[in-house]
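In case you want the letters, here they are:
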Amino acid sequence: MGWYDFISPLYDIGAAGSGGPRREAVAQLRLQPGDTVLDVACGTGLNFPYIEAGIGPEGILIGLDFSPGMLAKARRKVERRGWANVHLIQADARTLSEELLSEQAGVERLDKALCTLGLTVVPDWEAVFNQSWALLKPGGRYALMDWWLERRNLFARFLEFISHGEVGRRCWAPLEESSADYSHTTFIRGMVFVAAGTAPAAAL
Ligand SMILES: C[S@@+](CC[C@H](N)C(=O)[O-])C[C@H]1O[C@@H](n2cnc3c(N)ncnc32)[C@H](O)[C@@H]1O
């Protein structure tokens, strides 16, 4: 059993304070009814209610995560809410590709993608970002929300212990470099950021 399988029963309680930045990340996607959205390292699906509200039943929501325990919690949310347009993929984010999306969800390209509290945790986070960014259609939106603590103080060490991540990663940097209209907002004294940008046609 992996770390996130182990903590999955209590994850939503621990993440209870994340609603504000999470809502802002989803707002930055500028969702439209019918959009196809990928939630990278979706965990227990805490973003799903906000995404579903934006895309409606005609949209497609794909949640990808490595942990069966986290995905089981996400699946329960999906079933409880009766969302019939959600595909949950249990896979390592490093294997993200058009083929994987096509096989598992019947789509190849995305209108929108987001990753919240994920890039500080996944291995090879730059590759994971680049692979998911490359799946966007021209003009597609990408949003990130995550921790960033420059100094490895006691709180940073605590966060790294509970997340098994690295909160000193400048996870927004590849998005800032790649996107046409990068935006960056911070929360909680600058320790949490929401970053967003649009994929230019030339990059695809
Ligand atoms: C801190 S949780 C964030 C979950 C969710 N995005 C949220 O905002 O609450 C990090 C998630 O990354 C997932 N994860 C870690 N490594 C992964 C990988 N290589 N591929 C896919 N998911 C991974 C974990 O299973 C966990 O669900």
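Look up a bit, the structure's there.
First things first, this report covers the structure right here in the doc. From a predicted model like this one, the values you see are computed outputs, not experimental measurements.

About the cut-offs
Every chain's residues receive numbers from 1 upward, in the order its sequence appears when written. It should be noted that, the model being predicted, local features are given only for residues of pLDDT at least 70 and side-chain atom pairs only at 80 or more, the latter also being counted only at that level, while totals for whole chains, interfaces and linings use all residues. Working definition: helices are DSSP H or I runs of at least four residues, strands are E runs of at least two. Numbering for both runs from the N terminus. Note that the radius of gyration is over C-alpha atoms, with the globule rule given as 2.2 Å times the number of residues to the power 0.38. Here a residue counts as buried when 20 or more other C-beta atoms sit within 10 Å of its C-beta, as exposed when there are 12 or fewer, and as partly exposed otherwise, the C-beta atoms being derived from the backbone. Axis definition: a line fitted to C-alpha atoms, limited for helices to the stretch in contact. Angles are taken between N-to-C directions and run from 0 to 180 degrees. We call two directions roughly parallel when the angle between them is under 35 degrees, roughly antiparallel when it is over 145, roughly perpendicular when it lies between 65 and 115, and oblique otherwise. We call two residues in contact whenever the C-beta atoms placed from their backbones are within 7 Å. Here the nonpolar group is Ala, Val, Leu, Ile, Met, Phe, Trp, Tyr, Cys and Pro; Asp, Glu, Lys and Arg are the charged ones; every other residue, Gly included, is treated as polar. In this description, the arc belongs to the directions extending from the helix axis to the C-beta atoms. For two strands to count as paired, DSSP must find a minimum of two bridges between them. Using a C-beta atom placed from the backbone for every residue, we mark a residue as near a molecule or strand if that atom lies within 6 Å of it. Working definition: the nonpolar core is a set of buried Ala, Val, Leu, Ile, Met, Phe, Trp, Tyr and Cys residues, joined through C-beta atoms within 7 Å.

Looking at the overall build of the chain
Across its full length, the chain carries 8 helices and 7 strands. Taken against the 2.2 N^0.38 rule, which gives 17 Å for 204 residues, the C-alpha radius of gyration of the chain at 16 Å falls within 12% of a compact globule. For the chain, the spread of C-alpha atoms along the three principal axes comes to 45 × 40 × 30 Å. A buried classification covers 43% of the 204 residues belonging to the chain.

A look at the packing of helix α1 (residues 3-14) against helix α4 (residues 68-81)
Packing of α1 against α4 brings their axes to within 7 Å, and their N-to-C directions diverge by 30°. Between α1 and α4, the angle is such that the two are roughly parallel. Between α1 and α4, the residues in contact are Tyr-4, Asp-5, Ser-8 and Tyr-11 and Pro-68, Gly-69, Met-70 and Lys-73, respectively. Tallied by class, the residues present in the contact of α1 with α4 amount to 4 nonpolar, 2 polar and 2 charged.

Let's talk about unusual backbone geometry
One non-glycine residue, Ala-41, lies in positive phi territory at about 55°. Classification of Ala-41 by C-beta neighbours within 10 Å gives buried; the count is 24. Residues other than glycine seldom take positive phi values, yet Leu-117 does so here, at roughly 55°. Within the secondary structure, Leu-117 sits in the loop between β4 (110-116) and α6 (125-133). For Leu-117, a count of 23 C-beta atoms within 10 Å translates into the label buried.

Here we look at α6
Those residues of α6 that sit buried are Trp-125, Val-128, Phe-129, Ser-132 and Trp-133. Buried residues of α6, viewed axially, fall in a sector of 125°; they line one side.

Overview of the sheet that holds strand β2 (residues 60-65)
Pairing between the strands of a sheet comes from backbone hydrogen bonds, and it takes one of two forms, parallel or antiparallel. The sheet built from 7 strands is open, its strands ordered β3-β2-β1-β4-β5-β7-β6 with mixed pairing. The open sheet is flanked by β3 (86-90) and β6 (183-187), the only strands paired with a single partner. Averaged over all adjacent pairs, the angle separating strand axes in this sheet is 15°, with direction ignored. Sheet analysis places β2 next to β3, joined by 5 bridges and oriented parallel. Counterpart to Leu-64 in the pairing with β3 is Ile-89. Sheet strands in contact with α4 are β2 and β3, and its direction is about 170° off that of β3.

Notes on the site of the ligand
For the ligand, the set of nearby residues contains 20 residues, the closest of which are Ala-41, Gly-43, Phe-66, Ser-67 and Ala-93. A per-class count over the shell around the ligand returns 12 nonpolar, 5 polar and 3 charged.

Focus on helix α7 (residues 154-163)
With respect to burial, α7 is a largely exposed element, only 0 of its 10 residues being buried. Following α7 by one or two positions, His-164 adopts a phi angle in the positive range, close to 55°.

Some details on the nonpolar core
In terms of nonpolar packing, the biggest core is built from 57 residues, with Val-37, Ala-113, Leu-114, Tyr-142, Ala-143 and Leu-144 touching the most fellow members. It is strand β5 (residues 136-147) that contributes the most residues to this core, 6 residues altogether. In this structure Ala-113 touches Val-37, Leu-38, Val-40, Ser-132, Leu-135, Leu-136 and Tyr-142, once residues within four positions along its chain are discounted.

Let's talk about the environment of Thr-36
Tracing the backbone through its elements, the reader meets Thr-36 in strand β1 (residues 36-40). Residue classification places Thr-36 among the buried positions, given that 24 C-beta atoms sit within 10 Å. Between the alpha carbons of Thr-36 and Leu-100 there is a distance of 15 Å; along the sequence they are 64 residues apart. Contacts of Thr-36, omitting those with residues within four sequence positions, involve Gly-59, Ile-60, Val-107, Leu-110 and Asp-111.

Overview of the environment of Met-145
Looking at the element boundaries, Met-145 is found in strand β5. C-beta crowding within 10 Å serves as the criterion here: with 29 such atoms nearby, Met-145 is assigned to the buried category. In this structure the C-alpha to C-alpha distance between Met-145 and Glu-126, which are 19 residues apart in sequence, comes to 15 Å. When neighbours within four sequence positions are excluded, Met-145 is seen to be in contact with Pro-21, Arg-22, Ala-25, Thr-116, Leu-117, Val-192 and Val-194.

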